[in-house]
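Secondary and tertiary structure notes
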Amino acid sequence: SSSSSSSRAIVYAVPGDPCVAENSVNILRAAAPARGVSVRLIPGVSFLEPTLAAVQADLLPSLAVVDAIDAAVSGYAIGISGDAPVLLCQLYSNALASDVKLTLMNQYPEETPVTLVHAAGCDDEIVETLQLCDLDRSEHIDILTSAYIPAIGGVNGVNGAGMESLLDVIVKKRTGGGGGGVGVD
């Protein structure tokens, strides 16, 4: 048998930016070195930019970007706090939206406004706002759907609804800042 050294290129393309919400790219990057494969990533525009433009929101100071699948299967909203706005990506079906809705309703009031962005940045982009309890009733949910939930308390909102708000109150009480100057030792 003869041995010859040959190389070939394989193109693995994903929509948008390969470093944004693409778990398969992370898997390939982790496995490539052990197999002697070099990986070259070519950046692109992700879904984030057109989605944030559609909902007129900014990534900063505290937007949480969460995979809808993770939120649905966890039973509680991983990485989600009422203190910060949330962008749920990969909300690809009404069944998944139903599971996400049930998870989020453990943390948010059912009337919380949720803005769905379908086909962000495309000619057929649709933006619709509905209540959390109706999240799974949109007729437009598909693989190009994301959901934006505004902050309902704390840093960007009112009422101090999230864990960060509670921690902020505790710190202020302990340091004598706020709360009538009452310190806790």
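Below is a short write-up of the structure. (Residues numbered from 1 in each chain as written. Predicted model: local features only at pLDDT ≥ 70, side-chain atom pairs only at ≥ 80, totals over all residues. Heavy atoms only, no water.)

Some words on the overall build of the protein chain
To keep it simple, the criterion reads: Where helices and strands are cited, they refer to DSSP runs of H or I of at least four residues and of E of at least two residues respectively, numbered from the N terminus. Each residue gets one of three labels from its accessible area relative to the maximum for its type: buried under 20%, exposed over 50%, partly exposed in between, using a 1.4 Å probe on protein chains only. What makes two residues a contact is simply this: any of their non-hydrogen atoms within 4.5 Å. Per-residue and other accessible areas follow the Shrake-Rupley method at a 1.4 Å probe size, with only the shown protein chains counted as cover for residues.
Scanning the protein chain from terminus to terminus reveals 5 helices and 5 strands. Each helix and strand of the protein chain, ordered N terminal to C terminal, gives the series α-α-β-α-β-α-β-β-β-α. Taken across its 185 residues, the protein chain has 34% of its residues classed as buried. Taking all contacts inside the protein chain whose residues are at least 6 apart in sequence as the whole, residues at least 24 apart take part in 58%. Here the protein chain has roughly 11,400 Å² of accessible surface; of this, 54% comes from carbon and sulfur atoms.

A closer look at the sheet that holds strand S5 (residues 145-149)
Note the threshold: Whether two strands pair depends on DSSP finding at least two bridges between them. Helix axes are fitted to C-alpha atoms over the stretch in contact, other axes to C-alpha atoms as well, and angles between N-to-C directions run from 0 to 180 degrees.
In space, the 5 strands of this open sheet follow the order S1-S2-S5-S3-S4, with mixed pairing throughout. Only two strands of the sheet have a single neighbouring strand rather than two, namely strand S1 (64-67) and strand S4 (126-131). Across the sheet, the mean angle from the axis of one strand to that of its neighbour is 25°, orientation sign disregarded. Here strand S3 (residues 113-118) runs beside S5; their pairing, made up of 4 bridges, is antiparallel. Its bridge partner being in S5, His118 is matched across the sheet by Thr145.

A closer look at the layout of surface pockets
Keep this limit in mind: Think of a 1 Å grid over just the protein atoms. A cavity is a set of points where a 1.4 Å probe fits yet cannot get out, a pocket is an open set with protein on both sides within 12 Å along at least five of seven lines, and lining residues have an atom within 4 Å of a point. Grid points are joined across faces, edges and corners, and a volume is the space filled by probe spheres set on the points. When residues are grouped by polarity, Ala, Val, Leu, Ile, Met, Phe, Trp, Tyr, Cys and Pro land in nonpolar, Asp, Glu, Lys and Arg in charged, and all others, Gly among them, in polar.
Taken as a whole, the largest pocket holds about 830 Å³ of empty space. Surrounding the largest pocket, 23 residues form its lining, Ile10, Val11, Tyr12, Val39 and Arg40 being those nearest its centre. Of the residues assigned to the lining of the largest pocket, the class counts are 15 nonpolar, 4 polar and 4 charged. Estimates place the volume of the second largest pocket at around 470 Å³. Taken together, 22 residues form the lining of the second largest pocket, with Pro15, Glu22, Phe47, Ile143 and Leu144 sitting closest to its centre. Of all the secondary-structure elements, those providing two or more residues to the lining of the second largest pocket are helix H2 (48-55) and S5. For the lining of the second largest pocket, the per-class residue count stands at 13 nonpolar, 7 polar and 2 charged.

A short note on the pattern of salt bridges
Inclusion rule: In what follows, salt bridge is the name for a side-chain nitrogen of Lys or Arg lying within 4 Å of a carboxyl oxygen of Asp or Glu.
Within this structure, the stated rule accounts for 2 salt bridges. One salt bridge in this structure joins Asp136 and Lys101, with 3.2 Å as the shortest N-O distance. Of this pair, Asp136 sits in the loop between S4 and S5 while Lys101 sits in helix H4 (residues 94-104), and the two are 35 residues apart along the sequence. By relative accessible area, Lys101 is classed as buried at 11%. The residue Arg137 makes a salt bridge to Asp134 at a minimum N-O spacing of 2.8 Å. By relative accessible area, Asp134 is classed as partly exposed at 23%.

Describing the environment of Leu130
Here Leu130 shows up in strand S4. In this structure the C-alpha to C-alpha distance between Leu130 and Leu116, which are 14 residues apart in sequence, comes to 7.9 Å. Every residue in contact with Leu130, bar those within four places of it in the chain, is listed here: Thr112, Pro113, Val114, Leu116, Leu135 and Ser138.

Remarks on a negative patch on the surface
Rule in force here: Patch criteria: residues need more than 30% relative accessible area and no salt bridge. Like-charged residues are merged within 9 Å; nonpolar side chains of Val, Leu, Ile, Met, Phe, Trp and Tyr are merged within 5 Å. In this tally, Asp and Glu contribute negative charge and Lys and Arg positive charge; neither His nor the terminal groups of the chain are included. Taken as the charge location is NZ of Lys, CZ of Arg, CG of Asp or CD of Glu.
Taken together, Asp123, Asp124, Glu125 and Asp142 make up a surface patch of like negative charges. Residue position: Glu125 is located in the loop between S3 and S4. Judged by relative accessible area, Glu125 falls into the partly exposed class, the value being 32%.

Geometry only, nothing functional implied.
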